[in-house]
Amino acid sequence: MNLRYSHTVKKRAIDLVDFQSKVNALAFTPDSAYLAVATNDRWISIFDAQSNERVDHFSTKPNNKGPKDYLVTAIHFQPQDDTQQPKLAVGQSDCILFVYRWAAQDDSSEELVWKGKKSIVNKFLESAAVVSIVWPPSTASQCVYALTNGKIKVGNLRSNKSHILYAIESFTVSLAMNLSGTELISGHGDGSIYKFTFPTGSQESSCVKLCDSPQTPLLLVWCTSICVGGNDSDLTFYDVNGNKEQVLSFHDDHHSTFNVVCGSPSGQSIVVGRNNMLCLLTREAQSNQWIKCDSKPLVNIISSTALAWKPNGSSVAVGSASGLLNVYSTIHRRYLYNNTFEVTHVSPSDVIIHDKETPNSTPISIQSTVGEIKNIDIYPEPGSTELCYVVAKVSGALILCDIKASPAKISQILWKQHSEISFSFHDANACLISSHKELSVIKYGEDKIVGSFETDFTSLSVVSLRTDRNDNDSTKNGQIAFLSDKKTIRIEFLDDMYKSPVDIYHHHAIEFLELSCTNRYCLFLDDERDLYVFDIAIGIKSHLVSHCTYAQWVPLTNAIVAQSKNSMSVWYNAKYFDNPVTREIEGDITDIICEDGRIQVLVTAVSSHKVYNLQGEFLQFSIAADAKDLKTCVALLANIEDSPMLDSMKEQLFELSVECFDLQTALDYAVVHRDPRIADCIKSLLVGEESESKSRSKLCDIVF
C-alpha cells in the first residue's frame, strides 16, 4: 500500500480567513459519503467526500450558555446510522457532550438531508472535559466517551442519561476501540492502559489493567495489534492480553514526536502524523511484524493535528494547525474490470468496487477478516449481460456479494479449496456452489453455509434451488432439489432443519428437474422423455406427457409449458394436471418471454420464429390462487366466458374458499361438486352458532 496525495479541500468551501483555524477533529459518516471537520473556532463543517463541497456549516453551543472559551475536542458519527437522520456526537472542553441530529424533509435526497432541520437531541453534562469518543456499532443508542478526570462513561441516547463504565485515578489522555466494537482501551497519565469488555450473551462486562506503557500513551489505536505512541519517538505494539509484541523506533527521523494516529478499517495498516510528515505502517503477513511502508511530506502543512480514515478504506483525511485539510488516497492496486467496474485494493484485505458506468452509484466496500483477497470475479445475472455478483477468493475463505441489492449484501464463509469450483446465481437470494461432488448454499448477507449436500450429479439441469418466500404466508420456505442417485430426487428444506427430506423414487434415470416458484411442486423429465410433476405437499407423482422435448415453469407461476412432438401443452396450474390446453405448433419451443405485461412462448423453425401468447387471465388466476387471493379469483372468473378450463378453475376456487373458510364464496361455487349435501352443510354453517374450528372441521370432512 502507498500514500498518494489526492486533493486539498477548497478554500471557499471551508470559508475561513486564510485557513487560520486549527483542525481539532475529523469524522466520516459510516457510509464514507461525508466528512465532518471541527475547527478551533468552535465551528463544524460537513463536506461531501466525493465533490469536496461543503453541505453544512454551523457553530457549536457552549455549556449552559456560558462564554465561548471552550474547544471542540472530539466528534464521532453514529455507526450504522439512518442516512435520512444522521447523528453526530460532539465532545467539548467545557465538560459537555452534545448529540446533533439532522432530520430530512419528506422525500429528500441524501444531499438535502444536511439542509434539513438540525437539532440537539441529547446533551450529557459532565464534571470534566471530554477527551475522546468511540461509538460501538452493536449499541447504536449508546456512545462511549472519556473524561480528563479518569472516568470512562456511556451516554444513553434514549434516556438522555449517562453512567460510568469504569474510573481510573489518573487522568485520561486517549481512548480506542477494537475492530468489532466489543472491547475498548483507555490510556492514562501515569502510563497505564486499561481494557474494558462489553457484556455479550452470558459473558458479563469486565475491566482489567492491560499494561503499563513506558511513555504516556497520548496516541492509542487498536488494529490487529494495540499501537501506543508517546513523546519518545517510539511506537510500541501490544497484543490483546497486554504482551509487548514489537517496538518501532523513529529516532533516526528528524520530524520530532508523534502528533496524531489512526488505523485502517481492516486493522492491517496505521497512519502516523509527525509534524509535516505522514508515515504509513502495515503488518507484514509472513513475519507478522509491523513495518514502515511509506512516508510522504504533507503538502502545505507544517503540523498535522487530526486524522480520519475513510470507513471504506480508500483515503485518509489530514487536518493541520493552519486549518488546511488534505486528503491522501491509500491504494494497494487499482484496475478496470470488464471496462465497467473500477476495482481498488486499498489494502491486502480491503477492496472497493465502483460502477464507472453509473457515476452516482455508491462504491461497494468488501473486507476480508481472514486474510488477503487474492482474486476478484464479477458474474452476470443469468440470462443477462449485466454484472451483478462479486466473488472474492481469499486464502481459506470466499466472499460473495450481491451488488444489485441496496445496500449490497455481502457474505464471507470459510472455504479451503478454490479449484474445480463453479457458481450458480439463478436464485435471487442465494448462491449455489458446486465443488468436488458437493453442493453448498450461501444466502447473500449471511456469513454461513445454509446447507451442504453430497451428490455425484452437480449439473444445473438436475439441481434446483429456491429460497424465495412462500407467497401464501410470507414465511421462509427455502428448498433445494438434486439427485441422490440417477433415479432418485431428494428435496431438502433449507429453513427447517427438523423437517425430513423428501425422496422421489423413479423407475428411469432423470435428466431434468426444477422446483416451482412456490416450492409446492417438482417438475422432472426422465431419459424415456416422459414428463412428471410431483406434489411435495401430498407426496403424489403425476404423469403429464410422453415424448417430451421441452418443459419449463412459466416464471413466477405454477403453470407449465411443455412440447411433445408437434404439440404444445400448457397446464395453467400444476394441481390440475389432467386438463391442459393443447395446440399444434410448427418448430421447437426455445424460450418463454415475459415483457410488456405479456407472457409468450417462442417457437423456432428452420427459417422462422413465431410467438404464442399464453392466456393472461388464466395465469393471473393461478397466481391469485397461489396467494389465496379469493377476491381476485372471483373477479377473474366473472370475466372468463366459455372455456374448457372453466370448471377446473371453479373447482379450484371452491376448494380454496373452503380452505380459507370463506363460506359465502364456497356456497357460490359449491355447485361444481354436484353434491347437495355440501351446499346444505355450508348453508347450515352460515346460520349456525358453532365455533369456527368445529365448523371448519365439519366442512373439510364432507368436502375432502
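Details of the structure are given in the entry above.
Residues numbered from 1 in each chain as written. Predicted model: local features only at pLDDT ≥ 70, side-chain atom pairs only at ≥ 80, totals over all residues. Heavy atoms only, no water.

Read from one edge of the open sheet, four strands run β6-β7-β8-β9, paired in antiparallel fashion. Of all the strands in the sheet, just β6 (72-77) and β9 (117-125) have a single pairing partner and so form its edges. Averaged over all adjacent pairs, the angle separating strand axes in this sheet is 20°, with direction ignored. When β6 meets strand β7 (residues 87-92), the two strands line up antiparallel, connected through five bridges. Paired with His-76 across the two strands is Ala-89, which belongs to β7. (Pairing = 2+ DSSP bridges. Helix = DSSP H or I, 4+ residues; strand = E, 2+ residues; numbered from the N terminus. Axes fitted to C-alpha atoms, helices over the stretch in contact; angles between N-to-C directions.)

Our next topic: the side chain of His-506. Its location among the elements puts His-506 in the loop between β44 (502-505) and β45 (510-515). Side chain to side chain, His-506 and Lys-541 meet in a polar contact 3.1 Å long. Those residues in contact with His-506 that sit more than four places away from it in its chain are Lys-487, Phe-524, Asp-526, Tyr-532 and Lys-541. (Polar contact = N/O pair within 3.5 Å; in protein donor to acceptor, adjacent residues only side chain to side chain. Contact = heavy atoms within 4.5 Å.)

With that settled, consider empty space enclosed by the protein. A full pass over the atoms with the stated rule returns three cavities of 30 Å³ or more. Size it by volume and the largest cavity reaches roughly 100 Å³. What lines the largest cavity is Trp-571, Tyr-572, Asn-573, Tyr-576, Asn-579, Phe-618, Phe-621, Ser-622, Met-645, Ser-648, Met-649 and Gln-652. Of all elements in the fold, only α3 (616-626) and α5 (646-659) reach the threshold of two or more residues within the lining of the largest cavity. Here the lining of the largest cavity is built from residues that sort into seven nonpolar, five polar and no charged. (1 Å grid on protein atoms, 1.4 Å probe; cavity = no way out; pocket = protein on both sides within 12 Å on 5 of 7 lines; lining within 4 Å. Points joined across faces, edges and corners; volume = space filled by probe spheres on them. Nonpolar A, V, L, I, M, F, W, Y, C, P; charged D, E, K, R; others polar.)

On to the pairing of strand β47 (residues 531-535), then. In terms of residue burial, β47 counts as a mostly covered element, since five of its five residues are buried. The side-chain alternation of β47 yields two buried faces, one formed by Leu-531, Val-533 and Asp-535 and the other by Tyr-532 and Phe-534. Note that strand β46 (residues 521-526) and β47 share five bridges and pair antiparallel. Residue pairing across strands places Leu-525 opposite Leu-531, the latter belonging to β47. (Buried < 20%, exposed > 50% of the residue type's maximum accessible area, 1.4 Å probe, protein only.)

Here Glu-284 is to be found in the loop between β24 (277-283) and β25 (290-297). Overall, the relative accessible area of 35% leaves Glu-284 in the partly exposed class. Counting along the chain gives 15 residues from Glu-284 to Ser-269, while the straight-line C-alpha distance between them is 9.7 Å. When sequence neighbours within four positions are dropped, the list of residues in contact with Glu-284 reads Gln-289 and Ile-291.

All right, on to the layout of surface pockets then. Here the second largest pocket defines a volume of roughly 1,100 Å³. In terms of lining residues, the second largest pocket is bounded by 33 residues, among which Pro-382, His-426, Arg-466, Glu-514 and Gln-552 are the most central. For the lining of the second largest pocket, the elements supplying multiple residues, two or more each, are β41 (464-466), β45, β49 (548-553) and β53 (588-595). At five residues, β53 tops the list of elements feeding residues into the lining of the second largest pocket. When its residues are assigned to classes, the lining of the second largest pocket shows 19 nonpolar, seven polar and seven charged.

What follows is about the packing of α3 against α5. The N-to-C vectors of α3 and α5 enclose an angle of 15°; their axes lie 11 Å apart at closest approach. One way to sum up the angle between α3 and α5 is to call them roughly parallel. Regarding α3 and α5, the two cross each other, and that crossing is left-handed. Residues Phe-618, Phe-621 and Ala-625 of α3 lie in contact with α5, whose contacting residues are Met-649, Gln-652, Leu-653 and Leu-656. (Parallel < 35°, antiparallel > 145°, perpendicular 65-115°, else oblique. Left-handed = near helix turned anticlockwise from the far one by under 90°.)

What follows is about the sheet that holds strand β12 (residues 151-156). Strand order in the open sheet formed by four strands is β10-β11-β12-β13, with antiparallel pairing between adjacent strands. In this open sheet, the two strands that pair with only one neighbour each are β10 (130-134) and β13 (161-167). The sheet shows a mean angle of 30° between the axes of neighbouring strands, direction not considered. Taken together, the six bridges between β12 and β13 define a ladder with antiparallel strand orientation. Within the sheet, the bridge partner assigned to Asn-156 lies in β13 and is Lys-161.

With that settled, consider the pattern of salt bridges. Considering all chains together, one arrives at 16 salt bridges under this definition. Across the salt bridge formed by Glu-126 and Lys-153, the nearest N and O atoms sit 2.7 Å from each other. Taken together, the residues Glu-126 in the loop between β9 and β10 and Lys-153 in strand β12 connect sequence positions 27 residues apart. Both residues of the pair, Glu-126 and Lys-153, belong to the buried class. Where Arg-490 meets Glu-492, a salt bridge forms, and the shortest distance between an N and an O atom there is 3.9 Å. Using a relative accessible area of 16% as the deciding quantity, one classes Glu-492 as buried. Shared partners join several salt bridges into a network, and the residues in it are Arg-490, Glu-492 and Asp-503. (Salt bridge = Lys/Arg side-chain N within 4 Å of Asp/Glu carboxyl O.)

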